[in-house]
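Working through the structure, step by step
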Amino acid sequence: MPDESRQQVLSSIGILLQETARAWRLKLDQRLRPLGLSQAKWRALVLTDRAGDGVTQKELAELMGIEGPTLVRLLDRLEEDGWLERRVCPQDRRSRRIHLSAQARDMLARIEAVAAELRVELLGGLAEDDLRTLDRLLRDIRRRVGDAR
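Residues numbered from 1 in each chain as written. Predicted model: local features only at pLDDT ≥ 70, side-chain atom pairs only at ≥ 80, totals over all residues. Heavy atoms only, no water.

Brief notes about helix α5 (residues 102–123)
Helical periodicity: at 3.6 residues per turn, an α-helix aligns residues three or four positions apart in one direction. The test is simple: Numbering of helices and strands runs from the N terminus; a helix is a DSSP stretch of H or I covering at least four residues, while a strand is a stretch of E covering at least two. Here, expected helix span is obtained from the residue count minus one, scaled by 1.5 Å. When accessible area is computed with a 1.4 Å probe and restricted to protein chains, residues below 20% of their type maximum are described as buried, those above 50% as exposed, and intermediate ones as partly exposed. As used here, the arc belongs to the directions running from the helix axis to the C-beta atoms. A contact between two residues is defined here by any heavy atoms of the two lying within 4.5 Å.
With 22 residues, α5 should cover 32 Å at 1.5 Å per step; its first-to-last C-alpha distance of 31 Å lies within 8% of that length. When we look at burial in α5, the residues that qualify are A104, M107, L108, I111, A115 and L118. Taken around the axis of α5, the buried residues stretch over an arc of 110 degrees, which confines them to a single face. Away from its buried face by more than 90 degrees, α5 exposes A102, D106, A109 and V120. If you follow the buried residues of α5, they end up packed against α1 (3–32), α2 (39–51) and β3 (92–100).

Below is the structure:
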């Protein structure tokens, strides 16, 4: 690939990744809205589940890419609605750990079903080799960025 062409491709990749992730998230948000969940709420539930029961508020804020006070307001609403419970951390009484409720676990199954349907729509037409290459490349880029999630 000539240097000029390579530079054009390199300059567009970051923007394409960001725009694709945003568009995908918005599409999923549209599909989940009938379940009564905003993007902030479903993302908090999904990321709490992925991080593991008892994730700290600080860890969840980092995973979500939001500030602590913003997360606290979101967690207040989620707790009021019965999606989760915050408990004092036995090792550090200043820290709170997040535990999903049975209601949240049931909803996570519904979220995953909707997300799986969307994945099939968006990725279903890609060849198996292309999917494996895409997965490998995205993981490699993420590793280079230093984000081990």
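We are not done yet, so read on.
Describing a nonpolar patch on the surface
To keep things clear, this is the line we draw: Every patch collects residues that have over 30% relative accessible area and no salt bridge, joining them within 9 Å if they carry like charges and within 5 Å if they are nonpolar side chains (Val, Leu, Ile, Met, Phe, Trp, Tyr). Each accessible area value is a Shrake-Rupley result obtained with a 1.4 Å probe; residue values ignore everything except the protein chains displayed when judging cover. Throughout this description, the term salt bridge denotes a Lys or Arg side-chain nitrogen within 4 Å of a carboxyl oxygen of Asp or Glu.
On the surface, V9, L10, I13, L17, L126, L134, L138, I141 and V145 cluster together into a nonpolar patch covering about 700 Å² of accessible area. Inspection of the secondary structure assignment puts I13 in helix α1. Its relative accessible area of 35% is what places I13 among the partly exposed residues.

Considering the UniProt feature "domain: HTH marR-type" (unreviewed entry) in the protein
Rules: UniProt positions are given in the numbering used here, feature names are shortened, and annotations may be inferred rather than shown by experiment.
With numbering matched to this structure, UniProt assigns "domain: HTH marR-type" (unreviewed entry) to residues 10–143. Between the end C-alpha atoms of residues 10–143 there is a gap of 18 Å, over a span that is 71% helix and 13% strand.

Topic: the sheet that holds strand β1 (residues 55–56)
Going by this rule: A pair of strands is treated as paired once DSSP finds two or more bridges between them. Inter-axis angles, ranging from 0 to 180 degrees, are taken between N-to-C directions of lines fitted to C-alpha atoms, where helices are fitted over the stretch in contact.
With respect to topology, three strands assemble into an open sheet ordered β1-β3-β2, the strand pairing being antiparallel. Edge positions in the sheet fall to β1 and β2 (84–89), since each has one partner strand and no second. With two bridges connecting them, β1 and β3 associate as antiparallel partners. Among the inter-strand pairings, T56 is bridged to a residue of β3, identified as R97. Contacts from α2 reach β1 and β3, with the element oriented near 105 degrees to β3. Here helix α4 (residues 68–80) sits on the sheet in contact with β2 and β3, set at roughly 120 degrees to β2.

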